Each structure stands twice: as structure tokens, then as C-alpha cells.
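Per-entry structural report
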Amino acid sequence: MRHILEKLYSKNSLTREELLYLLDKLEEDGRDYLYSLAYNTTLKTYGNRIFVRGLLEFTNYCKNNCKYCGLRRDNKKIERYRLSKEEILASLEEGNKLGYKTFVLQGGEDPYYTDEILIDIVKTIKSKYKDVAVTLSIGERSRGSYEKLYQAGVDRFLLRHETATKNLYHSLHEGMSLEKRMECLLNLKEIGYQVGAGFLVGLPGESKESLVDNLLFLKRLQPAMVGIGPLISHPDTPLRGFNNGSVETTLKMISLTRLLLPNALIPATTALNTLSKEGLERGILAGANVVMLNLSPVEIRRKYELYKNKEITDAHQIRKIEDRVKKVNFQVDMGRGDHIKYNRRVNNV
Ligand code: 5AD
Ligand code: SF4
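So, here's what we can say about the structure. Owing to the predicted nature of the structure, the values given are computational and were not obtained by experimental measurement.

About the criteria used
Residues numbered from 1 in each chain as written. Chains lettered and ligands numbered in written order. Predicted model: local features only at pLDDT ≥ 70, side-chain atom pairs only at ≥ 80, totals over all residues. Heavy atoms only, no water. Near = heavy atom within 4 Å. Polar contact = N/O pair within 3.5 Å; in protein donor to acceptor, adjacent residues only side chain to side chain. Areas by Shrake-Rupley, 256 points an atom, 1.4 Å probe, with all protein chains shown as cover. Nonpolar A, V, L, I, M, F, W, Y, C, P; charged D, E, K, R; others polar. Disulfide = S-S within 2.5 Å. Buried < 20%, exposed > 50% of the residue type's maximum accessible area, 1.4 Å probe, protein only. Helix = DSSP H or I, 4+ residues; strand = E, 2+ residues; numbered from the N terminus. Contact = heavy atoms within 4.5 Å.

Neighbouring residues of ligand 1: Tyr68, Cys69, Gln106, Arg160, Glu162, Leu200, Pro230, Leu231, Ile232, Leu306 and Tyr307. A distance of 2.8 Å separates an oxygen atom of ligand 1 from a polar atom in the side chain of Arg160. Side-chain polar atom of Glu162 to an oxygen atom of ligand 1: 2.6 Å apart, as the coordinates give it. A total of 400 Å² of accessible area belongs to ligand 1 in isolation, and the protein chains cover 88% of it. Broken down by class, the residue content of the shell around ligand 1 amounts to eight nonpolar, one polar and two charged.

For the rest of this paragraph, the subject is the state of the cysteines. Overall, the coordinates contain zero disulfides when judged by the stated rule. The closest cysteine sulfur to the non-disulfide-bonded Cys184 is located on Cys66, 13 Å from its own sulfur. In this structure Cys184 comes out as buried when scored by relative accessible area, which is 3%.

A few words on the environment of Tyr46. For Tyr46, the position within the fold is in the loop between helix H3 (28-45) and strand E1 (49-59). As a C-alpha pair, Tyr46 and Leu172 span 126 residues in sequence and 35 Å in three-dimensional space. Contact partners of Tyr46, with chain neighbours within four places excluded, come to Phe51, Pro262, Asn263, Ala264, Leu265, Asn289, Asp338, His339 and Ile340.

Here's what the structure looks like:
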């Protein structure tokens, strides 16, 4: 097994059979070796820096019905909210004062935010803050819409593929399709966005094969960013009562992704931090190099309930994050944290 890990480390590639073999055999011993190879790979590509992003969850309305998610349209138990342009700008100004250079605007798929509304918001942000990167995470839209938003100045787009296994995808996402998801990701890439994909660990019906499907899908797509988090069972969804995803499996997937895509920006996700007290530190030791801190107004935070008991780290707590990452020999980088292969876009709006 060691020689397969060494091959992965030097070549950043493995076959399906080799990946399956690894997942079968990765016990404690090999696991620590895997983590250390992934950690060393991060050091070689981006150095010992963890990039921080300011996350604003601006709407919890969603027209989709993903079986695992608390924001699904059939969940009548959550109180829905939308932030106005003014509220969004006020939250981002708070982030700007704290020195954030990347803002992630995330929401459910909410048709209220038309292209026109979003373009106006994005243009205002980009003209107000000349040197920030704007990331959208607002789900599937038409190619034309993605193009217009890119032209308005959006730099990056997060759209997890959730699972690359067709049957599994279709069993969890009523009315959606994996083909459409992939088409969106390809469109975003072609347009020029730094694209984030990613998947959930611990979905009911997951297998070693489906985990490998995700890894091979990522290797093919070559996204700039990859978000991987454990499923956290939400009591007001059809997945109530299911086991949560495993922290160890999540860490293994982070490591394998780091080794397959050495230049990827990989967050230690909120879900990982929710299930593990030292999720950030363990994520970094397994190959993560991004953390997203919350800029949403305090009153609405709890309502963005993808799952319960979300471990929210407030954007003000940057010192605390600094102390934590020091323990694993990392330091906080407040810069834009662009992917190595992307030149940063000049703001000419
Ligand atoms: N547990 C963990 N992650 C979840 N997400 C949605 N619901 C859950 C849950 N119950 C993730 C999805 C989505 C991202 C914003 O949050 O992967 O893409
Ligand atoms: Fe909506 Fe995203 Fe939740 Fe699916 S995962 S229901 S698209 S917010």
C-alpha cells in the first residue's frame, strides 16, 4: 500500500482499481502516512497558509428539495429570510473593516434574486472594494445567467456536485439531474470562473465505489476549489435518524483530493468542524488550506439551517483561528487566495 501512496504523491494520479484498493486497505497506519503526504503537498503548493473567506448567507429560501438539507422547500419548520442589497452591503462592510479580501455570497436556489438584482449587488461590491474577490454559491442557473454574472465581476462560483454516482444523485435530488449539474460546472469553467465542486461523505447508499467516483470526477473536472463535508442528519428532512458521515472518511477524502489535485483550494468545512472539535486542525493536517468564517447578521444565522447545531465561527474570531492554526504550524493569510493557475481579474467595473 505504501508504494501506491508514494505513486499518488509523486504522480498525482491513480487508477480506479488503485483508489479502491487504497480505500479497502487504509487502516490507521497507512492513514497517518496519507495525511502527512497530503499536508506536505499543501506546503509545496501554497505554503503553510490558510486562506480565510467571509461567508454571507443571504437567503435561506430554496426551490429544491434535496433530501439531506434543512433548507429544502418541504421543510416548513424553518423561518425563511432574504437580505436586501443594503443588508448585504452592511455585512460586507463589516468584513471589509476586518480585512477580508474574499466574500462568499451563499444562498438556496432562490428565484427572487434575478440576474438584474444580483448584477446590481455584485457591481456595487466590486466598485466599492477594488481588490476583493467575489464568490457566488447560489446553485444552478442558465449559461446566460452565469455569463452575465461573470461579466458583472464575479470571480468564483461554488457548486458542489454532491455525489458523482448517478443512481445516488437521483435518489437524493428529486427533480434534478447529475447531467445538468455537470453541465453547469462545465459552463462555469468555460466562462472563466474559479469553480468549486465537492461532495458529501456518508450519504445513505454511499459505497467505496461512489467515493472513488467522486475522486475520479474531480480529477477530470480539475476544479479550483473542492468542498468536502460529512452529512449531518437533519431531523426535519427525509434523512432524519440516519447516521452522520464519518469524520475519518471525510479527512481521507480531503487527503486524496489534495494528492490528486495538488493546487486545489480545500476548506476545512463547517460540517467537519461541527462533528469534530478540532476539525480545523485535523483538516489542515489532512490537506485543507481554506476556512470560511461567518459574516451573516447574528439574528439570521441560526435560520440558515442546512443541519442543526452548526458550529459557526464568527468572522470577528480571526485571532482565535490564528491561534488554532499555529498549533499545526500554519498561519492565517487574509489575501484573496486565488487558485495558482488563475490570474486575478482586474476590477474595471
Ligand atoms: N449535512 C451536511 N452538509 C449539508 N449540505 C446541505 N445539507 C447538509 C447536511 N444536512 C451541504 C451541501 C451543499 C452545501 C451548501 O451544504 O453539500 O452543497
Ligand atoms: Fe437547496 Fe442547496 Fe439545500 Fe439543495 S442543498 S435544498 S439546493 S440549499
